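Okay, here's what each chain looks like letter by letter:
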Amino acid sequence: MRETFFGLREEEYLQIKDALGREPKETELRLFSVMWSEHCSYKSTKDLLALFPTKGEHVVQGPGENAGIVDIGSGFGIAFKMESHNHPSAIEPVQGAATGVGGIIRDILAVGARPIASMDCLFLGPPSDERSNFLREGVIKGIANYANCTSVPTVGGLTYYDPCYRENPLVNAMCAGLLKLDKVISSGASKPGNVLILLGSKTGRDGVAGAAFASTQLDDAVKESKPQVQVGDPFAGKVLIECTLEILDKGLIVSMQDMGAAGITSSAVELAAKAGAGAEIYLDNVPLREKDMEPFEIALSESQERMLLAIEEENFDAVKALADKWNLECEIIGKIITEDKYVLKDKGKVVANVPASLLTSGPKIEWPKRKPAKVEVKYPKDETIMLERGDLSRLANILYSLPQFEDKSWIYEQFDYMAQSRTMLGPGNPVAILYVKEIDELVALAVASDPWRCAVDPFTGGAETVARAIRKLAVVGSYPLGMTDCLNFPSPEIPENFWSMSEVVKGMAAACREIGCPIVSGNVSLYNESPKGAILPTPAVCAVGAFDSNTFLKSNDPDVSDKLFLAGKDGQLQASAYQRIFEGKLTGPVEPLDFDAERAFCERAIKTATLQAASSGRCVGHGGLIITLMRMTAKAELGCEIKGADEKLLFGEGGPRAIYSVPEAKTKEFLNIWKGYPIREIGTVINNKGIRLI
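Remember, predicted model here, so these are calculated numbers, not experimental data.

## Quick look at the overall build of the chain
- The secondary structure content of the chain amounts to 25 helices and 29 strands.
- Here the chain has a C-alpha radius of gyration of 25 Å; the compact-globule value for 694 residues is 26 Å, and the two agree.
- Viewed in the frame of its principal axes, the chain has a C-alpha envelope of about 85 × 55 × 40 Å.
- Here the contacts in the chain between residues at least 6 apart in sequence split such that 85% fall between residues at least 24 apart.
- For the chain, the exposed surface amounts to about 24900 Å²; the carbon and sulfur share of it is 49%.

## Quick notes on the sheet that holds strand β25 (residues 616-619)
- Spatially, six strands are ordered β25-β27-β23-β28-β26-β29 in an open sheet, and the strand pairing comes out mixed. Strand pairing shows two members of the sheet lacking a second neighbour, β25 and β29 (690-693), which therefore form its edges. Here the average twist between neighbouring strands, direction ignored, is 25°.
- Examined bridge by bridge, strand β23 (residues 563-567) and strand β28 (residues 679-686) share five bridges and lie antiparallel to one another. Pairing of Lys 563 across the sheet is with Thr 684, part of β28.
- Helix-sheet contacts for helix α19 (residues 458-476) involve β25 and β27 (658-662), and the interaxial angle to β25 is about 175°.

## So, the pattern of salt bridges
- Using the criterion set out here, one finds 41 salt bridges in the structure.
- A salt bridge links Lys 238 to Glu 242; the shortest N-O distance between them is 2.8 Å. Here Glu 242 and Lys 238 lie together in helix α11 (residues 234-249), a separation of four residues that amounts to about one turn.
- A relative accessible area of 24% places Lys 238 in the partly exposed class.
- By relative accessible area, Glu 242 is classed as buried at 17%.
- A salt bridge links Lys 374 to Glu 376, with the shortest nitrogen-to-oxygen separation between them at 3.8 Å.

## A short note on the packing of α19 against helix α22 (residues 595-610)
- At a minimum axis separation of 7 Å, α19 and α22 run at an interaxial angle of 20°. Of the possible angle classes, the one that applies to α19 and α22 is roughly parallel. Every residue of α22 that contacts α19 at Ala 463, Ala 467, Ile 470, Arg 471, Ala 474, Val 475 and Val 476 is listed here: Phe 595, Glu 598, Phe 601, Cys 602, Ala 605, Ile 606 and Ala 609.
- Class assignment of the residues belonging to the contact of α19 with α22 gives a composition of twelve nonpolar, no polar and two charged.

## What about the side chain of Ser 555?
- Position of Ser 555 among the secondary structure elements: in the loop between β22 (538-547) and β23.
- A distance of 3.2 Å separates the side chain of Ser 555 from the side chain of Asn 429, its partner in a polar contact.
- Every residue in contact with Ser 555, bar those within four places of it in the chain, is listed here: Asn 429, Pro 430, Ser 616, Gly 617, Arg 618 and Met 632.

## Comments concerning the side chain of Glu 12
- Examined against the element boundaries, Glu 12 turns out to sit in helix α2 (residues 10-20).
- Residue classification places Glu 12 among the buried positions, given a relative accessible area of 1%.
- Discounting residues that sit within four places of it in the chain, Glu 12 has contacts with Trp 36, Lys 43, Pro 363 and Ile 365.

## Some remarks on helix α8 (residues 130-149)
- Taking 1.5 Å as the rise per residue, α8 with 20 residues should run 28 Å; its terminal C-alpha atoms sit 29 Å apart, in good agreement.
- Regarding α8, the residues found buried are Ser 132, Asn 133, Leu 135, Arg 136, Gly 138, Val 139, Ile 140, Gly 142, Ile 143, Ala 144, Tyr 146 and Ala 147.
- Here α8 starts with a cap whose side-chain oxygen sits 3.2 Å from the backbone nitrogen of Arg 131, and that cap is Asp 129.
- Of the residues flanking the end of α8, it is Ser 151, one or two places downstream, whose phi is positive at about 60°.

## Let's talk about the pairing of strand β7 (residues 195-200)
- Among the six residues of β7, six are classified as buried, and the element is accordingly described as predominantly covered.
- Two elements, β7 and strand β10 (residues 306-311), share six bridges in a ladder whose sense is antiparallel. Directly across from Val 195, in β10, lies its bridge partner Ile 311.
- Alignment of β7 against strand β11 (residues 329-337), held across six bridges, turns out to be antiparallel. Paired with Val 195 across the two strands is Lys 335, which belongs to β11.

## Here we look at the sheet that holds strand β16 (residues 432-436)
- The strand order β15-β16-β17-β22-β18-β19 describes an open sheet built from six strands, whose pairing is mixed. Edge positions in the sheet fall to β15 (423-425) and β19 (519-525), since each has one partner strand and no second. The mean angle between the axes of side-by-side strands here comes to 25°, regardless of whether they run parallel or antiparallel.
- When strand β18 (residues 478-488) meets β22, the two strands line up antiparallel, connected through ten bridges. Residue pairing for β22: Leu 487 is matched across the bridge by Pro 539.
- In this fold α19 packs onto β16, β17 (441-449), β18 and β22, with an angle of close to 145° to the strand it touches most, β17.

## Observations concerning the packing of α19 against helix α20 (residues 495-515)
- Contact pair α19 / α20: the axes reach a minimum separation of 6 Å and the direction vectors enclose 40°. When the interaxial angle is binned, α19 and α20 end up oblique. In this structure, the crossing between α19 and α20 has a hand that is right-handed. The segment α19 lies against α20, with Pro 458, Phe 459, Gly 462, Ala 463, Val 466, Ala 467 and Ile 470 engaging Trp 499, Ser 500, Glu 503, Val 504, Lys 506, Gly 507, Met 508, Ala 510, Ala 511, Cys 512 and Ile 515.

## Remarks on the environment of Tyr 527
- For Tyr 527, the position within the fold is in the loop between β19 and β20 (529-530).
- Tyr 527 gets classed as buried once you look at its relative accessible area, which sits at 11%.
- A C-alpha to C-alpha distance of 35 Å links Tyr 527 and Leu 434, two positions 93 residues apart in sequence.

## Topic: unusual backbone geometry
- Cis rather than trans, the peptide bond between Gly 588 and Pro 589 has omega equal to -5°.
- When you line up the elements, Pro 589 lands in the loop between β24 (585-587) and α22.
- Positive phi is not limited to glycine here, since Ser 74 has a value of about 55°.
- The topology assignment puts Ser 74 in the loop between β2 (68-73) and β3 (76-84).
- In this structure, Lys 347 takes a positive phi of about 55° despite not being glycine.
- Its place among the elements puts Lys 347 in the loop between β12 (342-346) and β13 (349-354).
- Using a relative accessible area of 64% as the deciding quantity, one classes Lys 347 as exposed.

Analysis parameters
Residues numbered from 1 in each chain as written. Predicted model: local features only at pLDDT ≥ 70, side-chain atom pairs only at ≥ 80, totals over all residues. Heavy atoms only, no water. Helix = DSSP H or I, 4+ residues; strand = E, 2+ residues; numbered from the N terminus. Rg over C-alpha atoms; globule rule 2.2 N^0.38 Å. Contact = heavy atoms within 4.5 Å. Areas by Shrake-Rupley, 256 points an atom, 1.4 Å probe, with all protein chains shown as cover. Pairing = 2+ DSSP bridges. Axes fitted to C-alpha atoms, helices over the stretch in contact; angles between N-to-C directions. Salt bridge = Lys/Arg side-chain N within 4 Å of Asp/Glu carboxyl O. Buried < 20%, exposed > 50% of the residue type's maximum accessible area, 1.4 Å probe, protein only. Parallel < 35°, antiparallel > 145°, perpendicular 65-115°, else oblique. Nonpolar A, V, L, I, M, F, W, Y, C, P; charged D, E, K, R; others polar. Polar contact = N/O pair within 3.5 Å; in protein donor to acceptor, adjacent residues only side chain to side chain. Expected span 1.5 Å × (residues − 1). Left-handed = near helix turned anticlockwise from the far one by under 90°.

Encoded structure:
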């Protein structure tokens, strides 16, 4: 069946046949197999994604476009989106990660924005595993190579390790861009008569049907599919950025699309369908770098560094002149037509003719779902670290020495995070902060994920994921404008998996509504598994925030003799790194989020930062209070004394909590800000390195 229908389910094939009123041609079937793939059609998650709030006070453009856009004032906006490149990175980590970065940069470019920052969320197997370490080094090299060459700074991110990602690493790339709100490009702005221009590199066979490849389980056969991994050229990517922005600046673009998943087909069909029209493509006009390419290969190639522009035909010579200036290919490869049709012509023959709206609509699947009888994740116990529970200092040092909590500077030092000279706070901090010099404002970016909590309590884990990003913003002094997500899950066809995914999304949606942060863009990546196992449910998010003033609170700047205050209650040992490492398991459920407490926390945290009522502050996250303290003091080459410590205080996770270092002179002001919220003094910053429990 897979061979006959090119990956389409039989009922989908019959649906296509019925809609066409005839047997589809082979080329047409190949088009549908990619356009109706999970990666392009979101057929398993359409109803779930509809749960997200997508509108808000600051939202200019929400889901459905190449990127979401939020208003940052004075006529400017930030365009941003996160996407996955998981399967390609598992096969060819350098190119998989590099083209993931390149693709998300072009998504930002496609709405008319200049890319100004990127971030990455990496989920990898244990680095002690040879294969996992190979993937890790390749992925980081790929990100650095592409981002550095395009002068888009990599300003932050996260790197998490778990055995579940050994065979199926997750590489999620986020990009943010700056644009004038009166220059926004809509993918639905084209109209019949516009010509379609391929701008950029020549087309080859790399990445043919890559979207369909990304919608299958990573078995041994799929791992041999290296031709389906795209090959990037970051220098061509940089030239494409500058050329496209120059064409845009001269007002020559009606609409445009990045040529990513499904290549020419997806780009042309989406432009046409959103305009309520159709498209005709002349494959003979497509500049090729390989001989004897089949029509479907040209139509579905995901060769990189290409944009599809819709322009007025009389402007072609002007566009061509700019492309020649930048030494880029520029050809008319089609046009927007009135009829609802997607037509491929090759050597004078029509090789495909199907409704454009049918290609973009796709099926919708509601998979069966079933709550697991018991949710518990087992981990191998390392007998070398199974120590006496009473020795909290040794437990803390063991936890801090694990790859999960290692100093990540060896990673981010490979990135040019100061490119474009906007980075005020970069990698090594919980939040990245950019300076928008055009309007003298700051913008904050914060990523978050909690796959372990999502695994044992999906609803609360989804809510916690959203809340973590917003808490990070609040502690530096920023309020949220909007959020993008990347939803990484295993096969939805297994009822327990679909139940888990549904609960995670419901939890995320609830948190977005309650805390006031709409989802403006995102991506879904399913079938992240191999015959050796599935990944944990792994939603990743990035929140974009603004400031009421140009001040922010740093996270690594405590002073000697500062008092240490914990804002918030103790966390929980369930679903924590402590439980995972020292008990060899994860269990749930965990305590649900108190959204009143979340709002109260954020309000006080923003005020603390705005009034500079502390030397430094940091959210308590993975690893609990002890890891947060170690990170805060290590950067300053200081230490601290903690009194009254127990396991729950030191290692508990979850909920709105932050640690602040406060000088004596500001203690009264600080405590007044936090009046009415759980707050307690737990220790002092000292001149000696390390943590002393007293």
